[in-house]
Amino acid sequence: MTKPVAREPQRRNARSNRARILATARRELGRNPDTTLEELARAAGVVRRTLFGHFPGRAALLEALAEEASEVLRGAMADAAEPAEPADRALAHFTLLMWPVGDRYRMLLALARHDLGVERVAEILAPARAEVTAILERGQRDGAFPAHLPPAVLSAGLEAMIVALLEQVNAGALEDDGTRATVATLIAAGVPQRRARTVVEGVIPAVLAKPVAAE
């Protein structure tokens, strides 16, 4: 009996198309949350039918992006977990590891006002927000950070600043691999500038030794 022809090339092509559509959607929706599926298909270099073959509608595409973002953020958080680190180093470590996946933050926050809803986005970002709040709370208790703002409030402010810096990088107004943003984050948390730079320089080798989060 003749064996069926392997369909692996078709499956590889389908996986490649799906990954390209998601990558394009992250980029384009981060710039403009009102981008249509037709525009996304064109930007991804696929026909509309191919896009709808993977994602039957906008809701399905956005939920796939949300799940992808959630998985990548969880992975970055797992790498950042260093409970024995002083709080200022822990905040630097966390910020440096999250920077490469920061565009997912921007995209999710933009979509919160449109399709995904604030509650769904808050659910995805809750672990990261809770981790930063816990680091700030510990640092204020240990004296690493001044208690000039409640930890949860300061965490929200730092998040907004980092998102704004990411937008400046994407606009071409700032070049940064995350180092400058991390120093700025520590300073905004109340760490003196010289100490902030020393902490970040000390953390960078440990961060570089870890695998880069998947794009």
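This write-up is about the structure you can find in this document. What you see is a predicted model; the values in this text were computed from it and never measured. (Residues numbered from 1 in each chain as written. Predicted model: local features only at pLDDT ≥ 70, side-chain atom pairs only at ≥ 80, totals over all residues. Heavy atoms only, no water.)

**Description of the nonpolar core**
Grouped together as the largest cluster of nonpolar side chains are 56 residues, with contacts concentrated most on Leu-61 and Leu-91. With 11 residues, helix H4 (residues 58-80) is the single largest residue contributor to this core. In contact with Leu-61, other than residues within four places in its own chain, are Ile-21, Leu-22, Ala-25, Leu-37, Leu-40 and Phe-55. (Core = buried A, V, L, I, M, F, W, Y, C linked by side-chain atoms within 4.5 Å. Buried < 20%, exposed > 50% of the residue type's maximum accessible area, 1.4 Å probe, protein only. Helix = DSSP H or I, 4+ residues; strand = E, 2+ residues; numbered from the N terminus. Contact = heavy atoms within 4.5 Å.)

**Considering the pattern of salt bridges**
Opposite charge on two side chains permits pairing when their charged atoms draw close. The final tally for this structure, using the stated rule, is 9 salt bridges. Taking the shortest distance from any N to any O, the salt bridge between Arg-120 and Glu-67 comes out at 2.8 Å. Separated by 53 residues along the polypeptide, Arg-120 in helix H7 (residues 118-142) and Glu-67 in helix H4 bring together distant segments of the chain. Through salt bridges with shared partners, a single ionic network connects Glu-63, Glu-67, Arg-120 and Glu-123. (Salt bridge = Lys/Arg side-chain N within 4 Å of Asp/Glu carboxyl O.)

**Concerning the side chain of Thr-24**
On the secondary structure map, Thr-24 appears in helix H1 (residues 8-31). Looking at Thr-24, the relative accessible area reads 3%, which means it is buried. If we ignore the near neighbours within four places in the chain, the residues touching Thr-24 are Leu-40, Ala-43 and Ala-44.

**As for the packing of H4 against helix H6 (residues 102-112)**
Relative orientation of the contacting elements H4 and H6 amounts to 140°, with a least axis distance of 10 Å. By the angle between their axes, H4 is oblique relative to H6. Every pair of crossing elements has a handedness; the one defined by H4 and H6 is left-handed. Each of Leu-62, Leu-65, Ala-66, Glu-68, Ala-69, Val-72 and Leu-73 in H4 lies in contact with H6, whose residues at this interface are Arg-104, Tyr-105, Met-107, Leu-108 and Leu-111. (Axes fitted to C-alpha atoms, helices over the stretch in contact; angles between N-to-C directions. Parallel < 35°, antiparallel > 145°, perpendicular 65-115°, else oblique. Left-handed = near helix turned anticlockwise from the far one by under 90°.)

**Here we look at the side chain of Glu-85**
Within the fold, Glu-85 resides in the loop between H4 and helix H5 (87-98). Polar side-chain contacts of Glu-85 include one of 3.2 Å to the side chain of His-93. The contacts of Glu-85, once residues within four sequence positions are left out, are Ala-90, His-93 and Arg-138. (Polar contact = N/O pair within 3.5 Å; in protein donor to acceptor, adjacent residues only side chain to side chain.)

**What about helix H8 (residues 151-170)?**
Taking 1.5 Å of rise per residue, the 20 residues of H8 would be expected to cover 28 Å, and the 29 Å separating its terminal C-alpha atoms lies within 8% of that figure. Pro-151, Leu-154, Ser-155, Leu-158, Glu-159, Ile-162, Val-163 and Leu-166 are the residues of H8 that are buried. Buried residues in H8 make contact with H5, H6, H7 and helix H9 (179-189). Looking one or two residues past H8, Gly-172 carries a phi angle of roughly 85°, positive in sign. (Expected span 1.5 Å × (residues − 1).)

**What to know about the environment of Val-163**
Its place among the elements puts Val-163 in helix H8. According to the relative accessible area criterion, Val-163 is buried, its value standing at 11%. With 57 residues separating them in the primary sequence, Val-163 and Arg-106 have C-alpha atoms 6.1 Å apart. Leaving out residues up to four positions away in the same chain, Val-163 has contacts with Arg-106 and Leu-109.

Just distances and angles here, no functional claims.
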